[in-house]
Amino acid sequence: MRIGIDLGGTKIEVIALDDDGETLFRKRVATPRGDYQATLNAIVSLVSDAELATGQKGTVGVGIPGTLSPVTGRVKNANSTWLNGQFFDADLAKLLGRPVKVANDANCLAVSEAVDGAGKGAKVVFAVIIGTGCGAGIAINGQVHSGGNGVAGEWGHNPLPWQDEQDHAFLQGEQCYCGLVGCTELFVSGTGFMSDYRKYTGETKTGSEIIELIGAGDQHATSVMHNYQSRLARALAQAINMLDPDVIVLGGGMSNVDNLYQTLPPLIRNWVFGRECDTPIRKAVHGDSSGVRGAAWLWPQN
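Here is what the cut-offs are and how they apply
- Residues numbered from 1 in each chain as written.
- Predicted model: local features only at pLDDT ≥ 70, side-chain atom pairs only at ≥ 80, totals over all residues.
- Heavy atoms only, no water.
- Helix = DSSP H or I, 4+ residues; strand = E, 2+ residues; numbered from the N terminus.
- Rg over C-alpha atoms; globule rule 2.2 N^0.38 Å.
- Buried < 20%, exposed > 50% of the residue type's maximum accessible area, 1.4 Å probe, protein only.
- Contact = heavy atoms within 4.5 Å.
- Areas by Shrake-Rupley, 256 points an atom, 1.4 Å probe, with all protein chains shown as cover.
- Lys, Arg positive; Asp, Glu negative; His and termini not counted.
- Charge placed at Lys NZ, Arg CZ, Asp CG, Glu CD.
- Pairing = 2+ DSSP bridges.
- Axes fitted to C-alpha atoms, helices over the stretch in contact; angles between N-to-C directions.
- 1 Å grid on protein atoms, 1.4 Å probe; cavity = no way out; pocket = protein on both sides within 12 Å on 5 of 7 lines; lining within 4 Å.
- Points joined across faces, edges and corners; volume = space filled by probe spheres on them.
- Nonpolar A, V, L, I, M, F, W, Y, C, P; charged D, E, K, R; others polar.
- Domains from an automatic or database assignment.
- Buried area = accessible area lost by both parts, 1.4 Å probe.
- Salt bridge = Lys/Arg side-chain N within 4 Å of Asp/Glu carboxyl O.
- Polar contact = N/O pair within 3.5 Å; in protein donor to acceptor, adjacent residues only side chain to side chain.

## Some points on the overall build of the chain
Part 1 of the argument: Helix and strand counts for the chain come out as 10 helices and 12 strands.
Part 2 of the argument: On C-alpha atoms alone, the chain measures out to a radius of gyration of 19 Å, which is about the 19 Å that the 2.2 N^0.38 rule sets for 302 residues.
Part 3 of the argument: Seen through its principal axes, the chain has C-alpha atoms that stretch 55 × 40 × 40 Å.
Part 4 of the argument: Here the chain holds 302 residues, and 52% of them are scored as buried.
Part 5 of the argument: Intrachain contacts of the chain at a sequence separation of at least 6 include 65% that bridge at least 24 residues.
Part 6 of the argument: Summed over its atoms, the accessible surface of the chain is roughly 13,200 Å², and 50% of this surface lies on carbon and sulfur atoms.
Part 7 of the argument: When the 24 basic and 31 acidic side-chain charges of the chain are each reduced to a single mean position, those positions are 4 Å apart.

Now the structure itself:
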């Protein structure tokens, strides 16, 4: 049995898979934000729940919103900032009494969708998470490609390309947690979508509430979605210009906005070098469970 953990900014999910990839157990709890030890304890409790429910002991893989530094062994680049600087894999392995494999959550999404999801059969899968934060991962032949510095696919922390005056206005007062200004994450995460609406209206609403307003014909919400689509298209065009993947898979909360799959392809062509682009843009087959499934598959399949 393989156990996967998806450690997100708002929730932690566990899944237990059998050798055929069938789900044996699944559970979610709220992430204890800002508390490193409580985060470790929550993961240990979820692993215990999975093993108690199945009567089996499993390998453990964890997807995190950051990466392990090949130099220091500590977590870096996590937007769940209380993880940064910690020996996460070693600390968790000690508590669980077994080795733990850790990878960036977007890389876990890429692996899951490359194995039996929206990217099945594709050689190069570029998988994007557009949720609380935003990032991307790369799977080549179904395996994680993380690079020598552990940052391959860190698309969210490049500047949003081809910024216009409206983008510059949006950035007023905005700084990415990484310390830089203008990162793509600020614009195309679900958080950025909500922030743009707040700047338009002075009102705070969730992403789903804004989507409902669009359906009701609200002009402010419609303008915010127009901005979002343009920004996401430019960011994906930049990724295509650099990697030219066989397929792009979208995951995270904003991936559930179904009209993106119709509006993005023609917009992307405006920014891809040569104006030719037929790269499929697909929704993650396993939805928000793709990351946790990919984490389980960080261990070799039997």
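## Things to note about the pairing of strand β4 (residues 59-64)
Part 1 of the argument: Burial analysis of β4 places 5 of its 6 residues in the buried class, which makes it a mostly covered element.
Part 2 of the argument: Of the pairings in the sheet, the one linking strand β1 (residues 2-7) to β4 comprises 5 bridges and is parallel in character. Along β4, the bridge assignment pairs Ile5 with Val62.
Part 3 of the argument: Relative to strand β7 (residues 100-104), β4 runs parallel, the two being bridged by 5 bridges. Paired with Gly61 across the bridge in β7 is Lys101.

## Focus on the sheet that holds strand β8 (residues 124-130)
Part 1 of the argument: Strand order in the open sheet made by the 5 strands is β10-β9-β8-β11-β12, with mixed pairing throughout. A single partner strand is all that each edge strand has here, and the edge strands are β10 (143-144) and β12 (281-283).
Part 2 of the argument: Where strand β9 (residues 134-140) meets β10, 2 bridges bridge the pair, whose relative direction is antiparallel. Directly across from Ile140, in β10, lies its bridge partner Gln143.
Part 3 of the argument: Together, β8, β9 and β11 (247-251) form the strand contacts of helix α8 (residues 219-243), whose direction differs from that of β8 by roughly 155°.

## Some points on empty space enclosed by the protein
Rolled over the atoms, a probe sized like a water molecule indicates the empty space that remains.
Part 1 of the argument: Per the stated rule, a full pass over the model turns up 1 cavity of 30 Å³ or more.
Part 2 of the argument: Forming the boundary of the largest cavity are Asn104, Asn107, Ala136, Ser146, Gly150, Val151, Ala152 and Glu154.
Part 3 of the argument: Here the lining of the largest cavity is composed, by residue class, of 3 nonpolar, 4 polar and 1 charged.

## Considering the domain arrangement of the chain
Part 1 of the argument: Domain assignment breaks the chain into domain 1 (1-108 + 286-296) and domain 2 (120-283).
Part 2 of the argument: Between the C-alpha centres of domain 1 and domain 2 the distance comes to 25 Å.
Part 3 of the argument: Note on domain 1 versus domain 2: buried area summed over both sides is about 1,100 Å², and carbon and sulfur give 53% of it.
Part 4 of the argument: On the domain 1 side of the contact with domain 2, Asn79, Ala106 and Asn107 bury the most area, a combined 47% of that side's loss.
Part 5 of the argument: For the pair domain 1 and domain 2, the number of links is 0 salt bridges.
Part 6 of the argument: Along the contact surface separating domain 1 from domain 2 lie 4 residue pairs in polar contact (both at pLDDT 80 or more).
Part 7 of the argument: Its residues assigned to classes, the side of domain 1 that touches domain 2 comprises 3 nonpolar, 7 polar and 2 charged.

## Considerations on the pattern of salt bridges
Side chains bearing opposite charge may pair, as long as their charged atoms lie close to each other.
Part 1 of the argument: The tally for this structure, following the rule as stated, stands at 14 salt bridges.
Part 2 of the argument: For Glu13, the salt bridge is made with Lys11, and the minimal N-O distance between the two is 3.4 Å.
Part 3 of the argument: Three or more residues are tied together by salt bridges with common partners; here these are Asp6, Lys11, Glu13, Arg26 and Arg28.

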